[in-house]
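So the chains spell out like this:
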Amino acid sequence: MVASTSTPSWLRSPWTRTVDLRAELRDGSAWLRRPGLPRRLLPAVRAHLGAAPASTAYAFTLFVTWWTLRGVGGSVERRLIFSASTNLYNMRHNPVQVLVASAFWTDGGFPWTTIAGFLIVMAYAERWLGTGRWILLFATGHIGATLLTVTGISHAIDRGLIPLRVAVAADVGTSYGFSAVLAALAFRFRGKVRLVWAGALLATLGVALWVEPTFTDYGHLCAAVIGLAVGAIASLFWHRLQRTADRRAGADHD
């Protein structure tokens with residue numbers, strides 16, 4: 001009996017499914033040029049969002065929390081934001097609660113760009129990775145970057161480098177998790193695009209940190225490094241596992 005050399009289903013990881021960006025753009029352009037675009041657009045959007053339930057639900061949750069803040073007074077809004085902030089004070093007293101809550105609140109005006117980013121970029125990443133992996137990667141970036149940032153703040157306060165009021169500053173948002181997933185998206189593509197994607201992201205965040213350094217900028221850079229590290233480890237692991245399985249299947253076939 002001849003052994004099959006096809007990759008076993010349990011080895012079919014998204015980390016090994018890379019695409020050529022030029023081919024993706026070419027296919028997208030061809031799809032847009034096909035007749036009947038208005039008729040095809042709504043089903044395509046529905047299919048896109050339906051395949052990314054976590055990103056879609058996250059975007060809706062951000063809208064709900066923003067709407068909630070608009071319906072309360074200024075003092076209540078400040079208390080809600082403070083109670084969910086991952087500042088040094090809250091992280092020392094309610095770390096688990098604020099690590100979760102902080103990721104679902106936004107401070108300021110309507111989060112147009114954030115919601116659009118989740119419905120487009122994060123949904124694309126979720127469709128590639130799968131919902132479970134996407135959630136795990138997002139949470140890893142959010143938690144990891146937050147812990148590194150809070151550690152840096154504690155270190156700076158202890159040495160008198162920054163004022164004590166930073167320990168109770170408002171700090172909420174999705175940007176750490178978003179940065180981690182955005183960095184890991186580099187491993188969706190093959191060839192030079194992967195290097196350009198990762199390099200451009202690190203350069204952008206690095207320049208922002210250098211020009212006007214804040215602990216939030218530091219957290220963004222940490223989150224991107226975490227995302228690249230997760231992507232590199234996962235990609236290397238699954239490619240090596242697949243190559244080992246292929247070699248064994250080839251030896252059995254011989």
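Note that the structure is a prediction, hence the values are computed from the model and not measured.

A. Molecular detail of the overall build of the protein chain. Check the secondary structure of the protein chain and you find 11 helices and zero strands. Shown N-terminal to C-terminal, the secondary structure of the protein chain runs as helices and strands in the order α-α-α-α-α-α-α-α-α-α-α. A burial count over the protein chain gives 37% of its 254 residues as buried. Within the protein chain, contacts between residues separated by at least 24 positions form 78% of all contacts whose residues are at least 6 apart in sequence. Accessible surface computed for the protein chain: about 14600 Å², of which carbon and sulfur atoms make up 66%.

B. View of the layout of surface pockets. As a volume, the largest pocket reaches approximately 690 Å³. Lining the largest pocket are 19 residues, and of these E24, G28, H48, Y124 and R127 lie nearest its centre. Listed by contribution, the elements that provide at least two residues to the lining of the largest pocket are α1 (21–33), α2 (37–50) and α7 (112–129). The element that contributes the greatest number of residues to the lining of the largest pocket is α1, accounting for eight residues. Considering only residue class, the lining of the largest pocket consists of 12 nonpolar, three polar and four charged. Around the second largest pocket, the lining comprises 13 residues; the ones closest to its centre are Y58, A103, F104, F138 and A139. Residue assignment for the lining of the second largest pocket shows that the elements contributing at least two residues are α3 (53–70), α6 (95–101) and α8 (131–158).

C. Quick peek at the packing of α7 against helix α9 (residues 175–184). Here α7 crosses α9 at 50°, and the two axes come no closer than 10 Å. Taken together, the axes of α7 and α9 are oblique relative to one another. Read as a crossing pair, α7 and α9 show a hand that is left-handed. From α7, G117, F118, V121, M122, A125 and W128 reach across to α9, where they touch F178, V181, L182 and A184.

D. Seen up close, a nonpolar patch on the surface. Nonpolar side chains collect at one region of the surface, where F60, F63, V64 and W67 lie side by side and expose about 430 Å² of accessible area between them. Position of V64 among the secondary structure elements: in helix α3.

Rules used throughout
- Residues numbered from 1 in each chain as written.
- Predicted model: local features only at pLDDT ≥ 70, side-chain atom pairs only at ≥ 80, totals over all residues.
- Heavy atoms only, no water.
- Helix = DSSP H or I, 4+ residues; strand = E, 2+ residues; numbered from the N terminus.
- Buried < 20%, exposed > 50% of the residue type's maximum accessible area, 1.4 Å probe, protein only.
- Contact = heavy atoms within 4.5 Å.
- Areas by Shrake-Rupley, 256 points an atom, 1.4 Å probe, with all protein chains shown as cover.
- 1 Å grid on protein atoms, 1.4 Å probe; cavity = no way out; pocket = protein on both sides within 12 Å on 5 of 7 lines; lining within 4 Å.
- Points joined across faces, edges and corners; volume = space filled by probe spheres on them.
- Nonpolar A, V, L, I, M, F, W, Y, C, P; charged D, E, K, R; others polar.
- Axes fitted to C-alpha atoms, helices over the stretch in contact; angles between N-to-C directions.
- Parallel < 35°, antiparallel > 145°, perpendicular 65-115°, else oblique.
- Left-handed = near helix turned anticlockwise from the far one by under 90°.
- Patch = residues over 30% accessible without salt bridge, like charges linked within 9 Å, V, L, I, M, F, W, Y side chains within 5 Å.
- Salt bridge = Lys/Arg side-chain N within 4 Å of Asp/Glu carboxyl O.

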